[in-house]
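Tertiary structure, described
For reference, the chains in residue letters:
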Amino acid sequence: MKVVLPQEGATGWSDTWMLSSKAEHPNCAYKWMNWIISPKVNAEVAEYYGEAPANIKSCDQTSDPAFCDTFHATDESYWKDIAFWTTPIEQCLDGRTDVKCVPYAKWVQAWTEIKG
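Below is a short write-up of the structure.

What counts, and where the lines are drawn
- Residues numbered from 1 in each chain as written.
- Predicted model: local features only at pLDDT ≥ 70, side-chain atom pairs only at ≥ 80, totals over all residues.
- Heavy atoms only, no water.
- Core = buried A, V, L, I, M, F, W, Y, C linked by side-chain atoms within 4.5 Å.
- Buried < 20%, exposed > 50% of the residue type's maximum accessible area, 1.4 Å probe, protein only.
- Contact = heavy atoms within 4.5 Å.
- Phe/Tyr/Trp six-rings, centres within 6.5 Å; stacked < 30°, edge-to-face > 60°.
- Disulfide = S-S within 2.5 Å.
- 1 Å grid on protein atoms, 1.4 Å probe; cavity = no way out; pocket = protein on both sides within 12 Å on 5 of 7 lines; lining within 4 Å.
- Points joined across faces, edges and corners; volume = space filled by probe spheres on them.
- Helix = DSSP H or I, 4+ residues; strand = E, 2+ residues; numbered from the N terminus.
- Nonpolar A, V, L, I, M, F, W, Y, C, P; charged D, E, K, R; others polar.
- Salt bridge = Lys/Arg side-chain N within 4 Å of Asp/Glu carboxyl O.
- Patch = residues over 30% accessible without salt bridge, like charges linked within 9 Å, V, L, I, M, F, W, Y side chains within 5 Å.
- Areas by Shrake-Rupley, 256 points an atom, 1.4 Å probe, with all protein chains shown as cover.

1. Here we look at the nonpolar core
Among the nonpolar cores identified, the biggest contains six residues, and these are Ala46, Cys59, Phe67, Cys68, Phe71 and Ala73. The residues touching Ala73, leaving out its near neighbours within four places in the chain, are Ala52, Pro53, Ile56, Cys59 and Cys68.

As structure tokens, then:
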């Protein structure tokens, strides 16, 4: 497999786990976090989804020794032209000032209308 970054750049996302400040069992949540980011498990998840692992120590645990090279996991320069998705806000994060971007509430409203 070859991963190609378009010359003009690309968008990307980072799958995340979060802990609610109102979690009923925060210790369980912390145990989950520690498990999911452990090198072996993070390697398995990254390979399953076809994405760079979050934990660099996972590169030593992948079943494919070239996996992290294929997905540029340790190549910081590769990631400089990738604009990571964020929660939409009215101020455009890409530097545009001639338009207003769509705030998150409008995205939610549109999604609710589409799915009915």
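2. Thoughts on the packing of aromatic side chains
Per the counting criterion, the structure on display carries seven aromatic pairs. Here the aromatic residues Trp17, Trp32 and Trp35 are joined through ring pairs into a cluster of three or more.

3. Some points on the state of the cysteines
This model, assessed by the stated rule, comprises one disulfide. The disulfide partner of Cys59 is Cys68, and the gap between their sulfur atoms is 2.1 Å. An S-S torsion of about -95 degrees defines the bridge between Cys59 and Cys68 as left-handed. The class of Cys59 is buried, set by a relative accessible area of 17%.

4. Section: the layout of surface pockets
Estimates place the volume of the largest pocket at around 830 Å³. Lining the largest pocket are 28 residues, and of these Trp13, Ser14, Asp15, Glu51 and Ala52 sit closest to its centre. Where the lining of the largest pocket is concerned, the elements lending two or more residues are strand E1 (10–12), helix H2 (39–49) and strand E2 (82–84). The element best represented in the lining of the largest pocket is H2, accounting for four residues. Its residues placed into classes, the lining of the largest pocket shows 20 nonpolar, six polar and two charged. Each pocket or cavity is described by its volume, and for the second largest pocket that value is around 480 Å³. Lining the second largest pocket we find 17 residues, and of these Trp85, Thr86, Thr87, Pro88 and Trp107 sit closest to its centre. Elements supplying a minimum of two residues to the lining of the second largest pocket: E2 and helix H4 (104–115). Grouping the constituent residues of the lining of the second largest pocket by class yields eleven nonpolar, four polar and two charged.

5. What to know about the pattern of salt bridges
Opposite charge on two side chains allows them to pair when their charged atoms are near. Summed over all chains, the structure comprises one salt bridge. Residues Asp81 and Lys80 are paired through a salt bridge, measuring 3.2 Å at the closest nitrogen-oxygen approach.

6. Comments concerning a nonpolar patch on the surface
On the surface, Val102, Tyr104, Trp107 and Val108 cluster together into a nonpolar patch covering about 400 Å² of accessible area. The topology assignment puts Val102 in the loop between E2 and H4.

7. Regarding the environment of His72
Residue position: His72 is located in the loop between helix H3 (67–70) and E2. We classify His72 as buried; its relative accessible area is 19%. Sequence-wise, His72 and Glu51 are 21 residues apart; in three dimensions their C-alpha atoms are separated by 9.3 Å. Those residues in contact with His72, other than ones at most four positions away along the chain, are Val3, Tyr78 and Trp79.

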